Amino acid sequence: MITAVLCGALLIALTCVTVIDVVGRYFLSSPLPGASEYTELLLMAIIFCGLPAVCLDDGHISVDLITSRLKGWAEIAQLLIARLFVSVILAVIAWQLWKHGSQLASYNEVTVYLRAPIGPFSKAAAIIAGACSVVTFVMAVMRLSKGREGAV
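Residues numbered from 1 in each chain as written. Predicted model: local features only at pLDDT ≥ 70, side-chain atom pairs only at ≥ 80, totals over all residues. Heavy atoms only, no water.

Student: Quick rundown of helix 1 (residues 2–27)? Include the residues and the values.
Tutor: For helix 1, spanning 26 residues, the distance from its first C-alpha to its last is 37 Å, which sits close to the expected 38 Å at 1.5 Å a residue. Within helix 1, the full set of buried residues consists of C7, L10, L14, V17, D21 and G24. In this structure, the buried side of helix 1 is in contact with helix 2 (35–56). Phi turns positive, to about 55°, at S29, one or two residues after helix 1. (Helix = DSSP H or I, 4+ residues; strand = E, 2+ residues; numbered from the N terminus. Expected span 1.5 Å × (residues − 1). Buried < 20%, exposed > 50% of the residue type's maximum accessible area, 1.4 Å probe, protein only. Contact = heavy atoms within 4.5 Å.)

Student: Go over the side chain of D21, please, and point to the residues and values.
Tutor: Here D21 is to be found in helix 1. Those residues within four positions of D21 in sequence are excluded, and the remaining contacts are P31, L32 and A35.

Student: Give me the pattern of salt bridges: which residues, what numbers.
Tutor: Between side chains of opposite charge, pairing is possible as soon as their charged atoms come close. In total, this model carries 1 salt bridge according to the counting rule given. For R25, the salt bridge identified is with D21, shortest N-O distance 3.2 Å. Linking R25 with D21, this pair stays in helix 1, spanning 4 residues, or about one helical turn. With relative accessibility at 12%, the residue D21 sits in the buried group. (Salt bridge = Lys/Arg side-chain N within 4 Å of Asp/Glu carboxyl O.)

Student: Describe the side chain of E37, with residues and values.
Tutor: Within the secondary structure layout, E37 lies in helix 2. Buried and without a salt bridge, E37 has R115 as its closest oppositely charged side chain, separated by 7.6 Å. The contacts of E37, once residues within four sequence positions are left out, are T111, V112, Y113 and L114. (Lys, Arg positive; Asp, Glu negative; His and termini not counted.)

Student: Can you lay out a nonpolar patch on the surface for me, pointing to particular residues and giving the numbers?
Tutor: On the surface, L80, L84, V134, F137, V138, V141, M142 and L144 cluster together into a nonpolar patch covering about 670 Å² of accessible area. Contributing elements (two or more residues each) for the nonpolar patch: helix 3 (73–106) and helix 4 (119–141). Topologically, L84 is positioned in helix 3. Given a relative accessible area of 31%, L84 falls into the partly exposed group. (Patch = residues over 30% accessible without salt bridge, like charges linked within 9 Å, V, L, I, M, F, W, Y side chains within 5 Å. Areas by Shrake-Rupley, 256 points an atom, 1.4 Å probe, with all protein chains shown as cover.)

Student: Summarise the packing of helix 2 against helix 4; cite the residues concerned and give the values.
Tutor: Relative to each other, helix 2 and helix 4 sit at 10°, their axes nearing to 9 Å. The pairing of helix 2 with helix 4 is recorded here as roughly parallel in orientation. Along the contact surface, helix 2 presents L41, M44, F48, L51, P52, C55 and L56, while helix 4 presents F121, A125, I128, A129, C132, V135, T136 and M139. In terms of residue class, the contact of helix 2 with helix 4 is made up of 14 nonpolar, 1 polar and no charged. (Axes fitted to C-alpha atoms, helices over the stretch in contact; angles between N-to-C directions. Parallel < 35°, antiparallel > 145°, perpendicular 65-115°, else oblique. Nonpolar A, V, L, I, M, F, W, Y, C, P; charged D, E, K, R; others polar.)

This is the structure:
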């Protein structure tokens, strides 16, 4: 619920940035300074704020041509394997994001216009991806039932 509200607020902010930039650029000949950087940072925030909700609901994109026909132990095994796979992939993503964020921080890398440090954004995304990895692993080990809306 909290992530949905936060994602909604971030989407509204992204829409406002885009509208202000477009109106300023085409009607006032004065685009929003740093609009592309605001857009990039907001998009990253939307993706990683929504990731926990996707993981908790098993809302990952899937093609279930074969898996929709599985019943009993085969369905349970498929769900376990899929969740473990997602957990490992998220752990690798978290590790790489943290490594990249540390590298960016060591260079004092900042955005071009806003001069915002990039390292902390990468590390925050790494923390969220790592937490989602743990949550997905726990869901696999505890054999929690699949989300109603989602499919793995």
